[in-house]
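Chain by chain, the residues:
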Amino acid sequence: MKKTLIALTVLIAAGCQRIPAGEGSIALNLRPQDIVADVSKGNVADYTTLPAAADFDLTLTNYAGAVAWSGKFADWDPSAKFSAGEYEIKASYGNAEEEGPAKPVFEGLKEFVVIAFESVNVSVEPRLTNCIVKVETGDYFKEVFSGSSFSVTTGLGGKFALTEGEGLFIDAFKFTLEGNFTTTGGKNVLFSKEFTGLNPATLYTVKLEVSNVEGTAFTIEFNNETETVTLEEELN
């Protein structure tokens, strides 16, 4: 626990007159965070409906780790009484083992102290714990290829078809992007690349673009880095 919490606990244990033993209440405010990190700026709400506070699961534990209350935020009673002391509240939404479109996972933790005969204001701001992946193609790519399809295999082993511009919520570990492209001349091009080092609460965009007029290479932009893939023959 933080030093301030430890100090308050010492005062309570010492029977300080300012923080007497007894019970207090918790005025809880839950604010899910919509903004994701700046690798690609965006909001969770751009790719799925942001969960309402009422949909979050709450677990309140005391200093000893015992569960003092659990349930939905919608069922939280701000007038409920709890013994004075240190607490931690966890607010969560979604299943970390589930991936796919519209599968966000949120979690937030907050430590605080309940003081006897008072109501303590507690604000929890759950953040996205998985990440979002999407793919985009450039204008010249669309001229060279008459058709393209993509799929993503995640670090958890899930495999998903990915439509351009669609956001895919996956475990923040790694993924492999596979592409199947057909040129205007009827040639078929297969592409596969693994991307690692992912972070939670981050939107990752993989952008593909044909990089030269000869049509013998295309570039991949990811995580502020660009890589060129050279082909054995011209695309045209």
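Residues numbered from 1 in each chain as written. Predicted model: local features only at pLDDT ≥ 70, side-chain atom pairs only at ≥ 80, totals over all residues. Heavy atoms only, no water.

Student: Would you mind going over the pattern of salt bridges with me for this structure?
Tutor: Side chains bearing opposite charge may pair, as long as their charged atoms lie close to each other. In this structure the tally under the stated criterion is nine salt bridges. Lysine 90 is paired through a salt bridge with glutamate 107; the nearest N and O atoms lie 3.7 Å apart. Note that lysine 90 is positioned in strand β5 (residues 85–93) and glutamate 107 in strand β6 (residues 106–114), a separation of 17 residues in sequence. Lysine 193 is paired through a salt bridge with glutamate 227; the nearest N and O atoms lie 2.9 Å apart. Within this pair, whereas lysine 193 is found in strand β14 (residues 188–196), its partner glutamate 227 is found in strand β17 (residues 225–230), the two being separated by 34 residues in sequence. Exposure remark for glutamate 227: the relative accessible area of 36% places this residue in the partly exposed category. (Salt bridge = Lys/Arg side-chain N within 4 Å of Asp/Glu carboxyl O. Helix = DSSP H or I, 4+ residues; strand = E, 2+ residues; numbered from the N terminus. Buried < 20%, exposed > 50% of the residue type's maximum accessible area, 1.4 Å probe, protein only.)

Student: What is the right way to read the sheet that holds strand β2 (residues 57–62) from this model?
Tutor: Each strand in a sheet pairs with its neighbour through backbone hydrogen bonds, running either in the same direction (parallel) or in the opposite one (antiparallel). Strands sit in the order β3-β2-β5-β6-β8 across an open sheet of five strands; the sheet is antiparallel. Lying at the two open borders of the sheet, with one neighbouring strand each, are β3 (67–72) and β8 (127–128). Bridge count for β5 against β6 is nine bridges, and the pairing is antiparallel. Bridge pairing in β6 links lysine 90 to leucine 109. (Pairing = 2+ DSSP bridges.)

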